[in-house]
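Single-letter residue listing:
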Amino acid sequence: MGAYMARVFEGQRTFMHPALRWLEVLTYKLIGVREEVEQRWTHYTASLLSFSIFGFLIVYLLQRAQAYLPFNPQNFGTPNVSPDLAFNTAVSFVTNTNWQAYSGESTLSYFVQMAALAVQNFASAAAGIAVAIAVVRGFARQELRTIGNFWVDVTRATVYVLLPLSIIGALFCALRASSRISSPTRP
């Protein structure tokens, strides 16, 4: 896995490129990033902070507005999630600590859980991987003034690492669940 990730973050071709390169290129076009342009540590840090602040605001605002959003059959959020609970939850998911001071199934709507929390589980993990890669590059590239591109690192972490792992994990769970259904245990 380490050799695979090293190739991914160095921009080298891997066995996943035929299946996923189009998604990586499309992501760069959508967000307006040139993958060959690297950043100094200050720009990399500013990109990380803007990504995290934007993620925090989205998670916070979706929680506060969940009463008005779709996929809320239980009518959660009437009144809305309190400001302090929304703040705590947003900070928790952006920092990938996922500390929950609420019961998710009885506090947050399906939409907020999907669009805010599940997305942030990917986004914060990708940001963490990007920071780890930048630290490694910082030590390895002492003679260079750049440490990569945050947006490229986040995209590659998501497309080539987190997405395939989540698909493999989902298939494993589905197969395990189907084997339990097809062969029930006897009392």
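A quick note: this is a predicted structure, and the numbers were derived from the prediction, not measured. (Residues numbered from 1 in each chain as written. Predicted model: local features only at pLDDT ≥ 70, side-chain atom pairs only at ≥ 80, totals over all residues. Heavy atoms only, no water.)

A. Region of interest: the overall build of the protein. Within the protein, the secondary structure is distributed over seven helices and zero strands. Start at the N end of the protein and walk to the C end: the helices and strands fall as α-α-α-α-α-α-α. Reported as C-alpha extents along the three principal axes, the dimensions of the protein are approximately 60 × 45 × 30 Å. Looking at the protein as a whole, 35% of its 187 residues are labelled buried. Long-range pairs, those at least 24 residues apart, make up 70% of the contacts in the protein between residues at least 6 apart in sequence. Carbon and sulfur atoms form 68% of the exposed surface of the protein, whose accessible area is close to 11,400 Å². (Helix = DSSP H or I, 4+ residues; strand = E, 2+ residues; numbered from the N terminus. Buried < 20%, exposed > 50% of the residue type's maximum accessible area, 1.4 Å probe, protein only. Contact = heavy atoms within 4.5 Å. Areas by Shrake-Rupley, 256 points an atom, 1.4 Å probe, with all protein chains shown as cover.)

B. Spatial organisation of helix H3 (residues 41–64). Over its 24 residues, H3 runs 34 Å from end to end, which matches the ideal 34 Å to within 8%, given 1.5 Å per residue. Every buried residue belonging to H3 is among Tyr-44, Ser-47, Leu-48, Gly-55, Phe-56, Val-59, Leu-62 and Gln-63, and all of these are buried. (Expected span 1.5 Å × (residues − 1).)

C. How the structure looks around the environment of Ile-181. The topology assignment puts Ile-181 in helix H7 (residues 150–182). Classification of Ile-181 as exposed rests on a relative accessible area of 69%.

D. Broad picture of the packing of H3 against helix H6 (residues 110–140). Closest axis-to-axis distance for the H3/H6 pair is 10 Å, and the angle between their directions is 165°. Overall, the two elements H3 and H6 adopt an arrangement that is roughly antiparallel. Once H3 is placed against H6, the crossing between them reads as left-handed. Contacts from Tyr-44, Leu-48, Phe-51, Gly-55, Val-59, Leu-62 and Gln-63 of H3 reach H6 at Phe-111, Val-112, Ala-115, Ala-116, Leu-117, Gln-120, Ala-123, Ala-127, Ala-130, Val-131 and Ala-134. Within the contact of H3 with H6, the residues separate by chemical class into 15 nonpolar, three polar and no charged. (Axes fitted to C-alpha atoms, helices over the stretch in contact; angles between N-to-C directions. Parallel < 35°, antiparallel > 145°, perpendicular 65-115°, else oblique. Left-handed = near helix turned anticlockwise from the far one by under 90°. Nonpolar A, V, L, I, M, F, W, Y, C, P; charged D, E, K, R; others polar.)

E. Local environment of a nonpolar patch on the surface. Nonpolar side chains collect at one region of the surface, where Trp-22, Leu-26, Leu-30 and Ile-31 lie side by side and expose about 450 Å² of accessible area between them. Within the fold, Trp-22 resides in helix H2 (residues 17–31). (Patch = residues over 30% accessible without salt bridge, like charges linked within 9 Å, V, L, I, M, F, W, Y side chains within 5 Å. Salt bridge = Lys/Arg side-chain N within 4 Å of Asp/Glu carboxyl O.)

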